[in-house]
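Observations on chain architecture
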Amino acid sequence: MKQFLYKLSLIPALLEESNWTEKENSIVADHFHSLQQLLKNNTLIMAGRTTNNDPSSFGIVVIQASSEDEAERLMRNDPAVRNGIMTAELFPYQVALYNEEFTVKQTS
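Residues numbered from 1 in each chain as written. Predicted model: local features only at pLDDT ≥ 70, side-chain atom pairs only at ≥ 80, totals over all residues. Heavy atoms only, no water.

Re unusual backbone geometry
Most of the time, phi is negative for any residue but glycine, and the peptide bond is trans. Counted only if it meets this: The helix count covers DSSP runs of H or I at least four residues long, the strand count covers runs of E at least two residues long, and both are numbered beginning at the N terminus. Note on classification: 1.4 Å probe, protein chains only; a residue is buried when its accessible area is under 20% of the maximum for its type, exposed when over 50%, partly exposed between these limits.
Even without a glycine there, the phi angle at Asn 42 is positive, about 65°. By the element assignment, Asn 42 lies in the loop between α1 (22-40) and β2 (44-49). Given the relative accessible area of 55%, Asn 42 is considered exposed.

Given below as structure tokens:
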């Protein structure tokens, strides 16, 4: 298996919180559930986002896939990308170090 990272960016119109509707909130919920399914299937290594809400903000998804084509398909199938509220860019990636003792405490 190879590793890949895809970088996600909100479309500029959605950087303004007042532009969000129930539709965008629903898409983001689907995006999160999709990532949870990738985690369950042992495809997702990690995912997260910066906490700033300006044009420099972004999210990352690190996955393992058998090929770049498969990674591209997974990225394009992400509900946020598929529904056009986020743009995505794929990169070959390799985890070099990780902390086995680290645990994420969900805050939201």
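Still more ground to cover, so stick around.
Some thoughts on the side chain of Thr 43
As a reminder of what qualifies: We call two residues in contact whenever any of their non-hydrogen atoms come within 4.5 Å of each other.
By secondary structure assignment, the location of Thr 43 is in the loop between α1 and β2. Residues contacting Thr 43, with those up to four places away along its chain left out, are Leu 38, Val 62, Ile 63, Gln 64 and Leu 74.

What about the pairing of strand β1 (residues 2-10)?
Definition in use: Whether two strands pair comes down to DSSP finding at least two bridges between them.
In this sheet, strand β3 (residues 59-65) lies alongside β1 in antiparallel orientation, the contact comprising 7 bridges. Residue pairing in the sheet places Leu 8 in a bridge with Gly 59 of β3.

Some points on α1
The criterion, for reference: Given a helix with a known number of residues, its expected span is that number minus one, times 1.5 Å. For this quantity, the arc is that covered by the directions from the helix axis to the C-beta atoms.
Given a rise of 1.5 Å per residue, 19 residues ought to cover 27 Å, and the 27 Å separating the end C-alpha atoms of α1 matches this to within 8%. Those residues of α1 that sit buried are Glu 24, Ile 27, His 31, Leu 35 and Leu 38. Taken down its axis, α1 places every buried residue within 80° of arc, on the same side. For α1, exposure combined with an orientation more than 90 degrees from the buried face picks out Glu 22 and Lys 40. Packing partners of the buried residues in α1 comprise β1, β2, β3, α2 (68-77) and α3 (79-82). Asn 42 occupies a position one or two residues after α1 and carries a positive phi of about 65°.

Some points on the packing of aromatic side chains
Describing an aromatic ring pair means giving the distance of the ring centres and the angle of the ring planes. The following threshold applies: Between 30 and 60 degrees the pair is tilted, below 30 it is stacked and above 60 it is edge-to-face, where a pair is any two Phe, Tyr or Trp rings, Trp via its six-membered ring, whose centres lie within 6.5 Å. Placement of a charge over a ring requires the Lys NZ or Arg CZ to be within 6 Å of the ring centre, with the centre-to-atom vector within 35 degrees of the ring normal.
Summed over the entire model, instances satisfying the criterion amount to 0 aromatic pairs. Stacked on the ring of Phe 58, the Lys or Arg Lys 7 has its end atom at 5.1 Å from the ring centre.

Digging into the nonpolar core
Put simply, the rule reads: We define a nonpolar core as any set of buried Ala, Val, Leu, Ile, Met, Phe, Trp, Tyr and Cys residues linked to one another through side-chain atoms lying within 4.5 Å.
Ranked by internal contacts, the top residues of the largest apolar core, which has 20 residues, are Tyr 6, Leu 8, Val 61 and Ile 63. Breaking this core down by element, the ones donating at least two residues are β1, α1, β3, α2, α3 and β4 (86-93).

So, the sheet that holds β3
Basically, it comes down to this: Lines fitted to C-alpha atoms define the axes, with helix axes restricted to the stretch in contact, and inter-axis angles between N-to-C directions lie between 0 and 180 degrees.
Spatially, β2-β3-β1-β4 is the arrangement adopted by the 4 strands of the open sheet, whose pairing is antiparallel. Where the open sheet ends on each side, the last strands, each with one partner, are β2 and β4. Across the sheet, the axes of successive neighbouring strands diverge by a mean angle of 20°, strand direction being ignored. Set on the sheet, α1 makes contact with β1, β2 and β3; between it and β2 the angle comes to about 155°. The sheet strands contacting α2 are β1, β3 and β4, and the helix crosses β4 at an angle near 155°.

Concerning α2
Within α2 the residues assigned to the buried category are Ala 71, Leu 74 and Met 75. For α2, the buried positions fall inside an angular range of 100° around the axis, keeping them on one side.

Side note on the pattern of salt bridges
Let me state the cut-off plainly: Note on definitions: salt bridges are taken to be side-chain nitrogens of Lys or Arg within 4 Å of carboxyl oxygens of Asp or Glu.
Evaluation of the coordinates by the stated rule reveals 1 salt bridge. As a salt-bridge pair, Arg 76 and Glu 72 come within 3.0 Å of each other at their nearest N and O atoms. Note that Arg 76 and Glu 72 are positioned in helix α2 at a spacing of 4 residues, about one turn of the helix.

Don't take any of this as a statement about function, it's just geometry.
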